[in-house]
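Notes for the structure review
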Amino acid sequence: GAVVSQHPSRVICKSGTSVKIECRSLDFQATTMFWYRQFPKQSLMLMATSNEGSKATYEQGVEKDKFLINHASLTLSTLTVTSAHPEDSSFYICSADLGSTDTQYFGPGTRLTVL
Amino acid sequence: TQLLEQSPQFLSIQEGENLTVYCNSSSVFSSLQWYRQEPGEGPVLLVTVVTGGEVKKLKRLTFQFGDARKDSSLHITAAQPGDTGLYLCAGFVDKIIFGKGTRLHILP
């Protein structure tokens, strides 16, 4: 199957700082990538759809100025959590599809802890 | 509002037993996927079903897509401790939506 990586796997930061998370498709080109967050023992919540070369589409209730998404190439999308606060602590997961199928392939996730 | 309901939410059974988990919706999906997620990791795709009535087998796991493409089931035969995890179904219409998952724990 297709491989998606994320970096870093874990990050701890102080309140008020910004954190960037990278999502890469390793063996395929991804026109579209997706960003999710997952709280403990809950399912995935779609935050935004990232389209290469254009602006991301954010789900209702997700602040686009707080969660900046950049999809500069067909293999890389980044999520920047700006001015992070403890309530932003969560597990952030990205995924990518192959374009011609409905199936998404997920990265291993990034655990963000904001102190 | 499209909604995927999974049941049961939690299931704890002994090794060797059989089990079935369900994924139901009032919406019709063009495809449905099952994922398994272990703590601290991203979901891993198990199967994609596309055709109403389709049955797919993956070793001890049997997946079925309902005839009307609104529901699906996952049956595990002779469960093993390695089957422990969160099982998520996801349906695709114009975008993918996830159920809340079934947390499965297999006791050795």
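Look up: the structure comes first, before these words.
Before going into details, it helps to say that this report is about the structure given with it.

Cut-offs applied
Within every chain, residues take consecutive numbers counted from 1 along the sequence as written. All chains are assigned letters beginning at A, and all ligands numbers beginning at 1, according to the order in which they are written. Only residues with pLDDT of at least 70 are given local features in this predicted model, and only at 80 or more are side-chain atom pairs given and counted; all residues enter the totals for whole chains, interfaces and linings. Only hydrogens and water are removed before side-chain values are computed, so all heavy atoms of the structure are retained for them. Burial here depends on accessible area, computed with a 1.4 Å probe over protein chains only, as a share of the maximum for the residue type. Under 20% is buried, over 50% is exposed, and the range in between is partly exposed. Secondary structure elements are defined from DSSP: runs of H or I of at least 4 residues count as helices, runs of E of at least 2 residues count as strands, and each element is numbered from the N terminus. In short, DSSP must find at least two bridges between two strands for them to pair. With axes taken as lines fitted to C-alpha atoms, and helix axes fitted only over the stretch in contact, angles between N-to-C directions fall between 0 and 180 degrees. Whether two residues are in contact is decided by their heavy atoms: any pair within 4.5 Å suffices. Accessible-area loss on putting two parts together, using a 1.4 Å probe and summing over both, is the definition of buried area adopted here. Each salt bridge in this description consists of a side-chain nitrogen of Lys or Arg and a carboxyl oxygen of Asp or Glu lying within 4 Å of one another. As used in this structure description, the phrase polar contact means that two N or O atoms lie within 3.5 Å; if the pair is within protein, one of them must be able to donate a hydrogen and the other to accept it, and residues adjacent in sequence are counted only when both atoms belong to side chains. All amino acids are sorted into three groups, where Ala, Val, Leu, Ile, Met, Phe, Trp, Tyr, Cys and Pro are nonpolar, Asp, Glu, Lys and Arg are charged, and the leftover types, Gly among them, are polar. When two cysteine sulfur atoms lie within 2.5 Å, the pair is treated as a disulfide.

Looking at the pairing of strand β4 (residues 32-38) of chain A
Residues and elements named next belong to chain A. Buried residues dominate β4, accounting for seven of its seven residues. Burial along β4 is two-sided: the face carrying T32, F34, Y36 and Q38 and the face carrying M33, W35 and R37 are both buried. For β4 and strand β5 (residues 45-51), the ladder comprises six bridges, and the chain directions are antiparallel. Across the sheet, the residue bridging to W35 is A48, located in β5. Note: β4 against strand β9 (residues 90-97), six bridges, orientation antiparallel. Each residue of the ladder has a partner; that of R37, found in β9, is Y92.

What about unusual backbone geometry?
All names here are of chain A. At the junction of H7 and P8, the peptide bond is cis and its omega measures out at 0 degrees in the coordinates. Along the chain, P8 falls in the loop between β1 (4-7) and β2 (10-13). Although it is not a glycine, S83 sits at a positive phi angle of roughly 45 degrees.

Points about the sheet that holds strand β3 (residues 19-25) of chain A
Residue and element names in this part refer to chain A. Taking strand neighbours across the sheet as the criterion, the four strands line up as β1-β3-β8-β7 in an open arrangement whose pairing is antiparallel. Looking at strand neighbours, the two that pair on one side only are β1 and β7 (67-73), the edges of this open sheet. Recorded for the sheet is a direction-independent mean angle of 15 degrees between the axes of neighbouring strands. Sheet topology note: the β1/β3 ladder contains four bridges and is antiparallel. Across the sheet, H7 pairs through a bridge with E22, a residue of β3.

A word on the interface of chain A and chain B
Opposite the 16 residues of chain A that make contact, chain B presents 20 residues. A combined buried area of about 1,300 Å² lies between chain A and chain B, and 56% of that area is made up of carbon and sulfur atoms. Run the count over chain A and chain B and you get zero salt bridges. Where chain A touches chain B, the interface holds four residue pairs in polar contact (both at pLDDT 80 or more). Mapped by element, the contributors of at least two residues to the side of chain A that touches chain B are β4, β9 and β10 (104-106) of chain A. Counting residues per element, the side of chain A that touches chain B draws most heavily on β10(A), at three residues. Split into classes, the residues belonging to the side of chain A that touches chain B amount to seven nonpolar, six polar and three charged.

Here we look at the pairing of strand β8 (residues 71-76) of chain B
Residues and elements named next belong to chain B. Relative to β8, strand β3 (residues 19-24) runs antiparallel, the two being bridged by six bridges. Each residue of the ladder has a partner; that of C23, found in β8, is S72. Where strand β7 (residues 61-65) and β8 come together, five bridges link them in antiparallel fashion. Bridged to Q64 within β8 is S73. Counting the residues between successive antiparallel strands, the hairpin from β7 to β8 contains five residues, one of them, R69, with a positive phi of roughly 60 degrees.

Some remarks on the environment of A:T82
On the secondary structure map, A:T82 appears in the loop between β8 (76-81) and β9. Those residues within four positions of A:T82 in sequence are excluded, and the remaining contacts are A:T17, A:S18, A:D65, A:K66 and A:L68.

As for the state of the cysteines
Under the counting rule described, the total for this entry stands at two disulfides over all chains. Put simply, A:C23 and A:C94 are joined by a disulfide, and their sulfur atoms are 2.0 Å apart. On the S-S bond that ties A:C23 to A:C94, the torsion sits near 80 degrees, and the link is right-handed. With A:C23 in strand β3 and A:C94 in strand β9, this pair connects stretches of sequence that are 71 residues apart. Across the pair, A:C94 and A:C23 agree in class, each one buried. Bridging B:C23 to B:C89, the disulfide has an S-S length of 2.0 Å. Here the S-S torsion is close to 75 degrees, and the disulfide linking B:C23 with B:C89 is therefore right-handed. Residue B:C23 is located in strand β3, and its partner B:C89 is located in strand β9 (residues 85-92); the two are separated by 66 residues in the primary sequence. Each member of the pair, B:C23 as well as B:C89, is classed as buried.

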